[in-house]
Amino acid sequence: MNTEKPWHSMPPGQVLVELGASRESGLSEEEAEQRLKRYGPNTLSEASGRTLLQQFVAQFREFLVILLLVAAGVSALVGELDDAIVIAFIVVVNAVLGVVQERRAESALGALRKMASPKARVLRSGEVRMVDASMLVPGDVIMIDAGDSVPADARLIETALLKVDEASLTGESVPVEQNASAVLPVNAPLGDRVNCVFMGSSATYGRGVAVVVATGMSTEMGKIAAFLQQEEDRTTPLQQRLEYLGKRLGIVAVLLCIGVFIAGVLRGEEVFDMFLTAVSLAVAAIPEGLPAIVTIVLALGVQRMAARNAIIRRLPAVETLGSASVVCSDKTGTLTTNQMTVKRMYVPGRTIEITGDGYSPDGALIENGQRVDARSDPAVMRTLTCAVLCNDARVRSVSVKGSAGAVTTRASLEMVGDPTEGALVVAGLKAGVDKIQLAKWAPRISELPFESERKRMTTIHRTDDTYLCCTKGAPDELLKVCTHAFDGTAVVPLSDALRAEIQGANVRMADAALRVLGMAQKELTALPDTVSVETVEDGMVFLGLVGMQDPPRPEARDSVAECFGAGITPVMITGDHKATAVAIARDVGILTPDSVALTGAELARMSDRELDEAVEKIRVYARVAPEHKVRIVDAWKRAGHVVAMTGDGVNDAPALKRADIGAAMGITGTDVAKGAADMILTDDNFATIVAAVREGRVIFDNIKKAVQYLLSCNVGEIILIFAAILMGLPRPLLPIQILWLNLVTDSLPALALGVDPPSRHLMQRKPRDRNAAVIGPVAVRRMLIYGLSVAAVSLVSFAMGLGWPGPMDTSAENLLVARTMCLMTMSFAQLVHAFNFRSYIDSAFRVGIFRNRHLVASVLISGSLQLAIVYIPFLQGFFDVTAVQGLKFLDVLLLSMVLLAVGEVLKWVGRLRGEQAD
C-alpha cells in the first residue's frame, strides 16, 4: 500500500477503497495489528538520549572530581598507592551512583510521558473505541470532535461545520473550515487542503470523520519533526534555586578549605597532606548530589501522583501545588459523581417524576402516583424524542452475571459521550424511545453544535416528508428562540402566562438541585440555503423541560474540609443554574454562611475593582461562560493567591494557561484543554486535586529535609577540621576518610528522607509562599547548631582516643585509634542525625523511628559499611583505621546518640517559641 498518494485529489469513496477501509466498520483488529507491524507506531522519533558510557564519562567533568583525580595521580607518583587506589575507587563509586540516579530519574520521567500519551477515537470492527494515538495505522477511521487534537494525517470523509486550527503546521492563525466533499488539484498547497487534517492540529468547532492516510514520521508533521521537537526543560524553579545555592555554597566551601590548607601549612603540616585534606574537604562540603536527589524526589513524587489519578505534565507544577491557596473547580463530574439521572420532567401543565438511578434502563414515569404510558402520551414522546435525537451520546448493554451465574442483558448500560446527554438517552429508554430506531426513522443530516455563548445545540433530521429541527439547551436561552409551545394536543402561541409557567417550573427544578434542560423543535419543508443559527434557531416550538441530578461524590465533603483546614479556599465554577450550584455547594461545604454565590451575568456587570473587593467572599459562580474563568483567576492572583483551576473545554484553555496550576479533566476534557494544562485528572475528581496539593507539599517538605540534612552534615565536617587545626591538634580525619564519610553518610539517607511519609501537620498549616527560600533563617540557625554538634562530638571522640581527659598522646598508635574513633563517631552521628529531620518540631519518637522504612534501611546499610572498613582486616589498611574495642566503642555509640538528644532539645525549644517548619 502506498501512503504517499495525493489523497486530497481523490473523492472520499476512492480513498477508502485505496486504503482498504470501511466507513461502517473501520479496520478489523487483526488487520490493524498487521499494519502496525508494517508501518510502526504513530509517533515522532525523538532525539536519542545519552548512552550509558556518555553518562558515566559526564560524571568526571566536575572541577572537584577532576581535582580529586589529580590528587590520586599525585599520590601514586609519590608512592602513596593506597591513597591513590582508595581515592580512585571512591570517585568511580560516586560516578556509578550518579549514573544510577540519572537513569532512574529518566526512567521515571519517561514513564510519566507514556501516562500522558494522547488518545484517539477510532472505528475498529464496527465499534468506536478509545486507543492510544500511537496505535493508529493507515486505513483507520477516526472520529474528530471540537477540542480534539488530530492524531495523524487523515482524509476527511464526513464533516459537520468542522473547523481546524492548523497554526502549528501552516502558520495560519485563523481556524480553517473543512470540507470533506471537496476534491482538490494534485498540486494544491498544504494550507489549501481543506479536505484533509494533519497531525498536530486541533479541532476548534464542529465534528468530522476521517480515514488515516499517514502516521508517525510519514506525516507532514513528521517530515519537519526536527523543527517540532519540543522537549520540555526539566529544570524546575526549585532545581534552579538549589543549583544557585549549591554554587554559592561551593564558593564558600572552597574558600574555607583554602583557609584550612593555609592554616595547616602555617602550623607545620605537610603541604601535600594538607592539599589532599583541603581537596577532600571541599568535595565533602559541597552537596554535589543535590540535583540528582531533587530530580529523583520530584519524579518519584509525580509517579505517586499518577497512581492517585493526577498526571503532572510539567514538573514546575509540583512545586506550585504545594503553594496553592485557591482551588477553582468545576461542579459536574468533579465535585459530583457524573452519573447524571433524569429525575423530573415538565411538559406544559404537567410535572412527571422519573424513577431509577445511574445508567440503567430500569425505571418508570410517574404522574400523581400513577404510571404514565409514554407511548400514548404525545407531550412526553415529543419531548423525549427531541432529547434523544439532539444528542451525541450513546449507550450499549453490558452483560451482567446474575446470582445464579446466569447472564442477563440490559441490566446495566455503558455510556459513551457526555454524561448529561447519556442521561437523556437512558430516560428515553425508560419511555420506550430507542436512539437506534430513531436514527433510522430520522437520520441526522446537519447540526449546529453546542456553544457556551448561546448555550444551545440543534440537530437537523430528514424524515419522509419534512426536515425536523431539534434543539436542547439552557431553558432561559431556549425560550429566547421559541414563539410557540406544544401543550399535548396542539401547537399554541407562547403567551406570557405560559412563559411564566415554564420559568416557574424551571426555578422549582433548580431549587431541588436539578440540572434543567429545555427541549424545542420545528419542522421545515425545505432546508435553508445556509444552515446557521440565524436561519434555524428561530420560531421554535417549546416542548418541555427535563431535570437531572448528579449527586456529590462521597469524598467531596472531606476534601473540601481538608482544603479549609490547609488554608486553601475552594471555589465552585459551573455553567449550571444558580440554585443547583448553591445546593451542591452547601452540601459539600464550599458555600459557608459568610460567603456568597454569583451568576455570570452579575459577574459581567462588575468592574475589575469591584470583583477584587468581593472575590474572597465569592465561593460559587453559576451560569458562567469560559471567558469568565480568566477574570476569576486574575482577580484571585491580584489578591496574592496561587490559583489552581480546572477545565475541560476548548474555551477553558486560556483560563488553564492563566492559572498557576491548570488541571484538565482526563475523562471529559478535550485534547486542547489537556494540552494547555499542567496537570490532568484521570478521574475528573475534586479529591484528586486536593491529594495532588497534599503530595506537592510532601515533595517540597522532603526536598527541604534532604537539603538541610546534607548541608548540616557538611558544615559539621568543615568545623571539625578547622577547629582541630585552630586548637593545635593533629588532623582528626585523613583525606580518604573524609571522602568515605561523604560517600557513606550522604546519598542513601538523603534519598530516604526524600520519600519520607507526610507529617501530621502537613494539611494543617497555611500554604507556603512560593517565593520563599528553600533555607530560611530558622533553618540556617538549625543547621549551624546541628553542624556544631556533629563537629563537637566527633572532636571529643578524637580527643578521647588521644587520652583526654588526661594527657593526650599523639603517637602514631594513639593517632590511629583516635582517627578511627572520630570517623566512626561522625559517621554514626550523622546517620542518627538523619532521624532529626523526620520532623522539625515533633519528637523523633512521636514521628516514629521505624515509620520510614527506607531511612531505617539506609542507616543500617551505611552503618554496616562503616563497620566493615573498621573490622575487616584487609580494608583497615586502605582507610588507615583499626578495630575499636570495649569501652572505646561504647564511647563512640554514646557520643553518636548525643545528636538525637540535641535534636529533641531544639524541637522542644522550637515548640515553645511557636516555630514552624521552614
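This part covers the packing of helix 13 (residues 378–389) against helix 14 (residues 419–430). Helix 14 packs onto helix 13 with a crossing angle of 140° between their chain directions and a minimal axis gap of 9 Å. Our classification of the angle between helix 13 and helix 14 gives oblique. Read as a crossing pair, helix 13 and helix 14 show a hand that is left-handed. Residues Leu-384, Ala-387 and Val-388 of helix 13 form the contact with helix 14, whose participating residues are Leu-424, Val-425, Ala-427 and Gly-428. Within the contact of helix 13 with helix 14, the residues separate by chemical class into 6 nonpolar, 1 polar and no charged.

Attention now goes to the environment of Ala-317. Looking at where Ala-317 falls in the secondary structure, it is placed in helix 12 (residues 316–321). Distance from Ala-317 to Val-302, taken between C-alpha atoms, is 9.9 Å for residues 15 residues apart in sequence. Setting aside its immediate chain neighbours within four residues, Ala-317 contacts Ile-312 and Asp-678.

Attention now goes to the sheet that holds strand 25 (residues 618–622). Reading across the sheet, the 8 strands line up as 8-28-27-26-9-23-25-24 and stay open at both edges, with mixed pairing between neighbours. Each end of this open sheet is capped by a strand with a single partner; those strands are strand 8 (310–312) and strand 24 (596–599). Strand after strand, the sheet turns through a mean of 20° between neighbouring axes, direction not considered. Where strand 26 (residues 643–647) and strand 27 (residues 661–665) come together, 4 bridges link them in parallel fashion. Looking at the pairing, Ala-644 lines up with Ile-661 of strand 27.

Helix packing geometry: the angle between the two helix axes and the distance between the axes. Relative orientation of the contacting elements helix 29 (residues 777–801) and helix 34 (residues 886–912) amounts to 160°, with a least axis distance of 10 Å. Compared by their axis directions, helix 29 and helix 34 come out roughly antiparallel. In this structure, the crossing between helix 29 and helix 34 has a hand that is right-handed. Side by side, helix 29 and helix 34 meet where Arg-782, Ile-785, Tyr-786, Ser-789, Val-790, Val-793, Val-796, Ser-797 and Met-800 of the first sit next to Lys-888, Asp-891, Val-892, Leu-895, Val-898, Leu-899, Val-902, Gly-903, Leu-906 and Lys-907 of the second. Classifying every residue of the contact of helix 29 with helix 34 by side-chain character gives 12 nonpolar, 3 polar and 4 charged.

The next point concerns the packing of aromatic side chains. Under the definition given, this model contains 5 aromatic pairs. Seen from their ring centres, Tyr-786 and Phe-837 are 5.5 Å apart, and the 55° between their planes marks the pair as tilted. With Tyr-786 in helix 29 and Phe-837 in the loop between helix 30 (812–833) and helix 31 (844–847), the pair connects residues that are 51 residues apart, well separated along the chain. Per residue, the accessibility class of Tyr-786 equals that of Phe-837, and both read buried. Ring plane angle 70° and centroid distance 6.4 Å describe the contact between Tyr-871 and Phe-889, whose orientation is recorded as edge-to-face. With Tyr-871 in helix 32 (residues 853–871) and Phe-889 in helix 34, this pair connects stretches of sequence that are 18 residues apart.

What counts and what doesn't
Residues numbered from 1 in each chain as written. Predicted model: local features only at pLDDT ≥ 70, side-chain atom pairs only at ≥ 80, totals over all residues. Heavy atoms only, no water. Axes fitted to C-alpha atoms, helices over the stretch in contact; angles between N-to-C directions. Helix = DSSP H or I, 4+ residues; strand = E, 2+ residues; numbered from the N terminus. Parallel < 35°, antiparallel > 145°, perpendicular 65-115°, else oblique. Left-handed = near helix turned anticlockwise from the far one by under 90°. Contact = heavy atoms within 4.5 Å. Nonpolar A, V, L, I, M, F, W, Y, C, P; charged D, E, K, R; others polar. Pairing = 2+ DSSP bridges. Phe/Tyr/Trp six-rings, centres within 6.5 Å; stacked < 30°, edge-to-face > 60°. Buried < 20%, exposed > 50% of the residue type's maximum accessible area, 1.4 Å probe, protein only.

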